[in-house]
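# An overview of the molecular structure
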Amino acid sequence: MRAALIRYSPLLILALAWQLISHFELVSSSALPPLTDIGGAWLDLLKSGELMKNAAPSLYRGAAGLALAIGFGTVLGIAMAWWKPVNVVFGPLVEAFYPMPKSALIPVTVIWLGFGNGSKILLIFLGCMLPVIIGAYNGARSTEQVLVWSARSMGAGRLRMMWDVVVPSALPELLNGIRTALALAFILMVTSELIVAREGLGNLIGFLGANGSYAAMYAVVLTVAFMGFAADRVYQIAAQRVLAWREATLS
Amino acid sequence: MSAAAERTGPDLVTRLVWGTASFVAHTASIVALLVAWEIFARSGKVTMFMLPPFSAVAERIWSDAVEGKLWTDLGLTLYRTFVGFFLACIIGVGLGTAMARTKIARWFFDPIVSIGFPMPKVVFLPVVILWLGVFDVSKITMVTVEAVFPVITATVLGIQGVGHELIWSARNMGAKDRELLWQVLLPAALPQIMTGVQVALPVALIVAIFTEMAMGGFGIGGVMMQASRFADSRGVFAGIVEIAIVGYCLVQLLAMIRRRLLRWHQEAHAPSTI
Amino acid sequence: MTSNAQIVVEQVGHRYRPPTGREVVALDDVSLSVQSREFLALLGPSGCGKSTLLYMIGGFLPTVTGRILVDGKPVAGPGPDRGVVFQHFALFPWKTVKANVLYGLERTQLARDEREKRAQSFIDMVGLTGFEDSYPSQLSGGMKQRAAIARTLAFDPDILLMDEPFGALDAQTRSLMQAELLNIWRRTPKTVIFVTHDVQEAVFLAERVAVMSARPGRIKALIDTRFDKTDPHVFKSKAFVDKVDEIWGLVRDEAIKAQAGRGQ
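The structure contained in this document is the topic of the report that follows. (Residues numbered from 1 in each chain as written. Chains lettered and ligands numbered in written order. Predicted model: local features only at pLDDT ≥ 70, side-chain atom pairs only at ≥ 80, totals over all residues. Heavy atoms only, no water.)

## Structural notes on the layout of surface pockets
Rolling a probe over the atoms, with the probe sized like a water molecule, indicates the empty space that remains. We apply this condition: Grid spacing is 1 Å over the protein atoms alone, the probe is 1.4 Å, and a cavity is where that probe fits but cannot get out, while a pocket is an open set with protein on both sides within 12 Å along at least five of seven lines and lining residues have an atom within 4 Å of a point. Grid points are joined across faces, edges and corners, and a volume is the space filled by probe spheres set on the points. A run of H or I in DSSP becomes a helix once it reaches four residues, and a run of E becomes a strand once it reaches two; helices and strands are each numbered from the N terminus. Side-chain classes follow a simple rule in which Ala, Val, Leu, Ile, Met, Phe, Trp, Tyr, Cys and Pro form the nonpolar group, Asp, Glu, Lys and Arg form the charged group, and the remainder, Gly included, forms the polar group.
Taken as a whole, the second largest pocket encloses approximately 1,500 Å³ of empty space. A:Leu14, A:Trp18, A:Leu222, B:Ile112 and B:Phe124 are the residues nearest the centre of the second largest pocket, which is lined by 39 residues in total. Of all the elements in the fold, those that place two or more residues in the lining of the second largest pocket are α1 (2–23), α2 (35–48) and α10 (214–250) of chain A together with α4 (69–101), α5 (103–116), α6 (125–132) and α7 (136–160) of chain B. Looking at the lining of the second largest pocket residue by residue, the classes come out as 33 nonpolar, five polar and one charged.

## Observations concerning the sheet that holds strand β10 (residues 219–224) of chain C
All names here are of chain C. Note the cut-off: By the convention used here, strands pair only if DSSP detects at least 2 bridges between them. Under this scheme, a helix contributes an axis fitted over its contacting stretch, all axes are lines through C-alpha atoms, and angles between N-to-C directions fall in the 0 to 180 degree range. The contact criterion used throughout is that any non-hydrogen atoms of two residues lie within 4.5 Å.
The strand order β6-β7-β8-β3-β9-β10 describes an open sheet built from six strands, whose pairing is mixed. Single-partner strands in this sheet number two, and they are β6 (82–85) and β10. Averaged over neighbouring strand pairs, the angle between their axes works out to 20 degrees when direction is ignored. Examined bridge by bridge, strand β7 (residues 159–163) and strand β8 (residues 191–196) share five bridges and lie parallel to one another. Its bridge partner lying in β8, Leu-161 is registered against Ile-193. Sheet strands in contact with helix α1 (residues 50–58) are β3 (39–43), β6, β7, β8 and β9 (208–212), and its direction is about 150 degrees off that of β7.

## Looking at a nonpolar patch on the surface
Residue and element names in this part refer to chain A. Formally: Within this analysis, patches are made of residues with over 30% relative accessible area and no salt bridge. Like charges are joined at 9 Å or less; nonpolar side chains (Val, Leu, Ile, Met, Phe, Trp, Tyr) at 5 Å or less. Each accessible area value is a Shrake-Rupley result obtained with a 1.4 Å probe; residue values ignore everything except the protein chains displayed when judging cover. Salt bridges, as used here, are contacts in which a Lys or Arg side-chain nitrogen is within 4 Å of a carboxyl oxygen on Asp or Glu. Only protein chains enter the accessibility calculation, which uses a 1.4 Å probe; a residue is then buried when its area is under 20% of its type maximum, exposed when over 50%, and partly exposed in between.
Together, Leu-16, Leu-20, Phe-24, Leu-26 and Val-27 line one region of the surface with nonpolar side chains, adding up to about 530 Å² of accessible area. Tracing the backbone through its elements, the reader meets Val-27 in the loop between α1 and α2. Accessibility expressed as a relative area gives 35% for Val-27, which makes it partly exposed.

## Things to note about the nonpolar core
Keep this limit in mind: To form a nonpolar core, buried Ala, Val, Leu, Ile, Met, Phe, Trp, Tyr and Cys residues must be joined to one another through side-chain atoms within 4.5 Å.
Among the nonpolar cores identified, the biggest contains 187 residues, and A:Val220 and C:Ile247 are the most heavily contacted of them. Element by element, the count of residues in this core is highest for helix α9 (residues 177–215) of chain B, at 18 residues. In this structure, C:Ala90, C:Leu161, C:Val195 and C:Met212 belong to the second largest nonpolar core, which totals 28 residues.

As structure tokens, then:
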């Protein structure tokens, strides 16, 4: 506990500095509203329901896109590692799209599905699928031959073996790929909503900014930033648990 | 042992054969992809609006190039990308070095870096616009802020990873602290730092394009967004192809620079893997 | 006679605290004196602190208790008067062999072309002619160590501190390098402190062998090992074999103690 306090104390110092600078109007108070104002605005947004009303569609889009990406990506990645023809077909596609900035797909999704939820979910799905596929692929390929053979010799059918042996072995790489996808989901959610959306947190930020409600804008910005950070931390803890379970079952 | 036997590494012929083989394999799959795209687009299963054929997109890129539009937009995007990228490299290496060498710097910046990394930093764009206005400065600032993180982490890892024998050896020969930093630590950390730099450039490109899309104006991102609002699907796809090509070229450029700078490194002499 | 000795180690101790666990006493009341131009071997089991002592003389580690004097003055830090040769060569991988050797000469007062000539002469002396422009990654282990020795000799330190320099080499290269080192030492006599755990190597190379005890390290015995080492069959001579046996007897108990300590 004490260690955590020392570790994060620079942030407390920065927060204090922020409050003092804005309080004494060293910078224009519209550009840098005091933290206390921001806190107040945040509570207002919460009470009026604005925060929830926009958080819901954002999180829904992100979660839906991510879930689809994880589902399809894992299956595809493992299939690519396991069956040559699948790799031949999808390999070049993955390679071609890997270095592509996923945000560049925003205009395409708009063309296909308009300004609503669909385009966002599609964007997040396509963008996040890539790191998941790569993680699943690398993970599946690293499955030790010995484990496969011993499972086969015990009469396991292909599908059963996949579940018992390949998936657990692939877990570390796969979980890492999902972690990347999680961060990417937040990024794509925010970027798509900042540019084209009718509702959602990104849209709310833009609206508040245009409206001059800077304290409220900061409040939402910091909320989203914190959500991204928190999601990553929570995910890491969950991933550790899963890996620990894997250690127990594999040994 | 003869001098020839002492040297390690594959000979020129082997390298050429593997190089050509992998080049052919890569281009073949891209070509196959483009052919598949063309066929699927013309098959009637989706409208030409949803998926314009590659030939139409290529034609659009060509006409933009001839008109000169392509080059101004591309130039603008690359300008923002590179300015932000270079700033990120300088700040990143500087900050990373300070964090690796001094306790105070490490204590102060560590939480900022570790919290900042998984955060969708692009969400701060409206704040940056609030502070710095609606012009290039904001775009470049955003690029720098995003691209600086991988450089910082790589530099810290690189410098902390320098073996103490190298440091002691330099001190033995009389090197003072400043000399130690420039003559030993940074060259020794270069492979790691270069890796961070190689991650930072594509990030810089992505963020530059995103800021253009969000803020409008010229540059490939802005033009693509415009096209999408005017339902100009060929324009949108043209942008995607252009970005893909630029991204690929930048990655190759950095890989080439890495090979040059790190000629001395073990990896230069290891047999290449596919 | 300690007053004429070049290196004086007086009741030196060293301890440190690893990140986890209790404090370790690496050295306890070590006293030693080394004459100018003497070749001394520091011999002992793993973990006895011989490298620690070497690095304290080199000025890389602080003395916790006691003091170390070199040429009458206490050791304040590393310096070019005490050249070090490390087990893993410590060559700068981004510099060629020549550039590595030149690095040590940069701080001397020599003119540019004199430095180049001097570097080349040492590269020739260790038998690496033709490899001046090679990078360390292109060299074998033996060649790398020869380059490291050339680099250290080039800036002409009075004292040579060598930390198991042949430990990372295969047996054949090792015996070749031992013979070469003796040749070099005869040609350019310096004070040498040579750390090793190999008894034969110590007896062959050194004029005196300091046997160290297991941790906490102390000097257990000092044995004179002067022979006619130009005899190519010296390894089989009765005098040599007896000396090795005598020293091995002293070391063996310490080695067993060191093993036992490890097992706890």
